[in-house]
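# What the coordinates show
The residues making up each chain are set out below.
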Amino acid sequence: MANRLPENPSLDHLKNEAKQLLRGVRAGEIRALATVGGWYPGAPSELRLADTQLVVARKYGFTSWPQLRAHLAMLGTFARRPHEVGPSADPATEFLRLSGLTYHGPARTEAAARLLETHPETAGASVWTMAALGDAAGTARAVASDPASARASGGPFGWEPLLYLTCSRVAQADAVGTARVLLEAGADPNAGYLPEGLGPPFTALTGALGGGELGQPPHPRDLDLARVLLEAGADANDGRALYNRGVMGDDTGYLELLLEFGLGGGDGGPWAARLGSVQDSPARMLANTVLTAALRGQTDRMRCLLAHGAPAEAKSDAHVFFGGHTALELALLGGHTEVARLLSDAGASGALRGLDAAEAAIMRGDREQAEHLLGADPGLAGQLLTRRRDLLIRAAEYGRVPAVRLACALGFDVNARLPSTALHKAARAGDLPMVRALVELGADPSVREHDYDATPLEWAQFAGQTEVVDFLR
């Protein structure tokens, strides 16, 4: 299995890696010899630097060192780090920084609106500010005067106008009309960037659809904008958009639209050509969408996917989230009985035993079956507590109060941090019944999670979950 390139990969760093590997082989180091043997079985007895460069290239999934170099050159063109851009004294630049999603925090739309009131000239400062504001008439004048501006990179993030438009969350006059103006003037419907130099890309389609782990809001005209982009040639096989939207809710509008425009088929478009094996194939993206719906118990999405011919027998590859399970097994593991029934009726297969069967019983809140399985195997309870430590947290994330109560009764730690607690998950989701149940079971609202050193209250405040904020206060 090839390794993933590090964030912001550097050619100099990879050159040094090849040189160190060559020195290690010549010194007879066991690890270096094993690396070469694993990635270059037919290596000559006398290695040269070109040989260890080939090993490094293969290690990261490339067939040759020149192919790896070409990939890094492509990354240099598309890599962006918008979340690291600091404040600017220029009002137009600062407005763009505040108005759009970077997926490392919410768009600061109120601050952007205040800046616009103080500096109204910002609205027409550039094609990028006009795009962010959905000013179709102003954008039309800008691209008529300078046709190249329709796909020019600029502003604080080095984005094209279409990205500032679809990622903007400030009030827009005519987002769809502005998108049409840009696309008719030659804007790239697949415009996007690689965060930290890694795929899959954030595209204009990603920005329109929103979502993600931090619950970024979709664009107010998300489906209308997405349709305009897709009709203009945006590829429906957008791995980042599928993931971001897939981790929230159970709506199907975006999914039906992507399926209409070929999700799961075709060659993957320009980003697949750029990224090669680094990006999932269209078939794998569709399978992962089925697996995600099974994992999260998204009944409506599963029904939609199966109705459009998505594979009920989807099985995970190396993705850590899916653990090598089939879609049916994931649904059973999560206690998602309706999703499991849909998959089974569609011909899916899968069976759970041992730890998996016990976990599934707990997630269903089936105390009788859980106790039967644990009683039949005296070592199973201990294995559950050590090898499935996140079970209670996932039960909280899925809103399963009976499963959380049963897990606590069986000895799971209600304050386990992996890296956040069950209470953090419920607070961010705004699940007040779950928050109440967790506090009743001993969840500590003062515990800080490991990633951001924040309490559940702070997570609820960040996500705008006012009822949970009031309760935790």
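Residues numbered from 1 in each chain as written. Predicted model: local features only at pLDDT ≥ 70, side-chain atom pairs only at ≥ 80, totals over all residues. Heavy atoms only, no water.

## Here we look at the packing of aromatic side chains
All chains considered together, the criterion is met by 6 aromatic pairs. Pairing Trp159 with Tyr164 gives two aromatic rings, centres 5.1 Å apart and planes at 50 degrees, and the pair type is tilted. Classification of Trp159 by relative accessible area gives buried; the value is 1%. In this structure Tyr164 comes out as buried when scored by relative accessible area, which is 2%. The lysine or arginine in question, Arg58, covers the ring of Tyr40, its NZ or CZ lying 5.1 Å from the ring centre. The ring of Trp271 has Arg274 sitting right over it, with the charged end atom 4.4 Å from the ring centre. (Phe/Tyr/Trp six-rings, centres within 6.5 Å; stacked < 30°, edge-to-face > 60°. Buried < 20%, exposed > 50% of the residue type's maximum accessible area, 1.4 Å probe, protein only. Lys NZ or Arg CZ within 6 Å of the ring centre and 35° of its normal.)

## What to know about the packing of helix H20 (residues 354–364) against helix H24 (residues 401–409)
At a closest axis distance of 6 Å, the pairing of H20 and H24 adopts a crossing angle of 125 degrees. Relative to H24, the element H20 is oriented oblique. Between H20 and H24, the residues in contact are Ala361, Ile362 and Met363 and Ala403, Leu406 and Ala407, respectively. In the contact of H20 with H24, the residues fall into 6 nonpolar, no polar and no charged. (Axes fitted to C-alpha atoms, helices over the stretch in contact; angles between N-to-C directions. Helix = DSSP H or I, 4+ residues; strand = E, 2+ residues; numbered from the N terminus. Parallel < 35°, antiparallel > 145°, perpendicular 65-115°, else oblique. Contact = heavy atoms within 4.5 Å. Nonpolar A, V, L, I, M, F, W, Y, C, P; charged D, E, K, R; others polar.)

## Quick word on the pairing of strand E2 (residues 192–195)
Every regular strand shows the same layout, with side chains that alternate between the two sheet faces. By the alternation rule, side chains of E2 split into Gly192 and Leu194 and Tyr193 and Pro195, which are all buried. Pairing of strand E1 (residues 79–80) with E2 involves 2 bridges; the strand directions are parallel. Counterpart to Ala79 in the pairing with E2 is Leu194. Once E2 ends, the chain turns through 6 residues before running back antiparallel as strand E3 (residues 202–203), passing Glu196 with a positive phi of about 60 degrees. (Pairing = 2+ DSSP bridges.)

## Topic: unusual backbone geometry
Of the consecutive residues Gly199 and Pro200, the connecting peptide bond is found in the cis state with omega at -5 degrees. By the element assignment, Pro200 lies in the loop between E2 and E3. Here Leu418 and Pro419 are connected by a cis peptide whose omega angle stands at -5 degrees. Considering the arrangement of structural elements, one finds Pro419 in the loop between H24 and helix H25 (422–429). The phi torsion at Asn8 lies on the positive side, around 45 degrees, for a residue other than glycine.

## Details of the nonpolar core
In summary, soluble globular proteins display a tendency toward joint burial of nonpolar side chains. Counting residues in each nonpolar core, the largest one holds 111 residues, and the members touching the most others are Leu162, Met302, Leu343, Leu392 and Leu438. The leading source of residues in this core is helix H16 (residues 282–296), at 8 residues. Among all residues touching Met302, those that are not within four sequence positions of it are Val290, Ala293, Ala294, Val339, Leu342 and Leu343. In terms of nonpolar packing, the next biggest core, distinct from the first, is built from 16 residues, Ala18, Leu68, Met74 and Trp271 among them. (Core = buried A, V, L, I, M, F, W, Y, C linked by side-chain atoms within 4.5 Å.)

## Looking at the sheet that holds E2
Spatial ordering of the open sheet is given by E1-E2-E3, a layout of 3 strands whose pairing is mixed. Edge positions in the sheet fall to E1 and E3, since each of these pairs with one other strand and no more. Alignment of E2 against E3, held across 2 bridges, turns out to be antiparallel. Each bridged residue has a counterpart across the sheet, and for Tyr193 the counterpart in E3 is Phe202.

## Some details on the side chain of Thr206
Checked against the element boundaries, Thr206 lands in helix H11 (residues 204–209). Side chain to side chain, Thr206 and Asp238 meet in a polar contact 3.2 Å long. Ignoring anything within four residues of it in the chain, the contact list for Thr206 reads Tyr103, Pro201, Asp238, Arg240, Ala241 and Asn244. (Polar contact = N/O pair within 3.5 Å; in protein donor to acceptor, adjacent residues only side chain to side chain.)

## Quick notes on the pattern of salt bridges
Going through the model one piece at a time under the given rule, you end up with 24 salt bridges. One salt bridge in this structure joins Glu260 and Arg227, with 2.9 Å as the shortest N-O distance. In this pair, Glu260 is assigned in helix H14 (residues 253–260) and Arg227 in helix H12 (residues 222–231), connecting sequence segments 33 residues apart. Looking at Glu260, the relative accessible area reads 49%, which means it is partly exposed. Ionic pairing is found between Arg303 and Glu338, a salt bridge with its closest N-O pair at 3.6 Å. One end of the pair, Arg303, is in helix H17 (residues 299–307); the other, Glu338, is in helix H19 (residues 337–345), with 35 residues separating them in the sequence. What makes Glu338 partly exposed here is its relative accessible area of 31%. Ionic contacts of the salt-bridge type, sharing partners, join the residues Asp300, Arg303, Glu338, Arg341 and Asp345 into one network. (Salt bridge = Lys/Arg side-chain N within 4 Å of Asp/Glu carboxyl O.)

## With respect to the environment of His13
Residue placement: His13 occurs in helix H1 (residues 11–26). On the basis of relative accessible area, His13 is assigned to the partly exposed category, the value being 45%. In sequence terms His13 and Gly155 are 142 residues apart; their C-alpha atoms lie 30 Å from each other.

## What to know about the packing of helix H2 (residues 30–39) against helix H3 (residues 49–59)
The interhelical angle for the contact between H2 and H3, taken along N-to-C directions, is 70 degrees, at an axis separation of 9 Å. In terms of orientation, H2 and H3 fall into the roughly perpendicular class. Between H2 and H3 the crossing geometry is left-handed. Note on element contacts: H3 touches H2 through Val55, Arg58 and Lys59, opposite Thr35, Val36 and Trp39. Of the residues that constitute the contact of H2 with H3, the class distribution is 3 nonpolar, 1 polar and 2 charged. (Left-handed = near helix turned anticlockwise from the far one by under 90°.)

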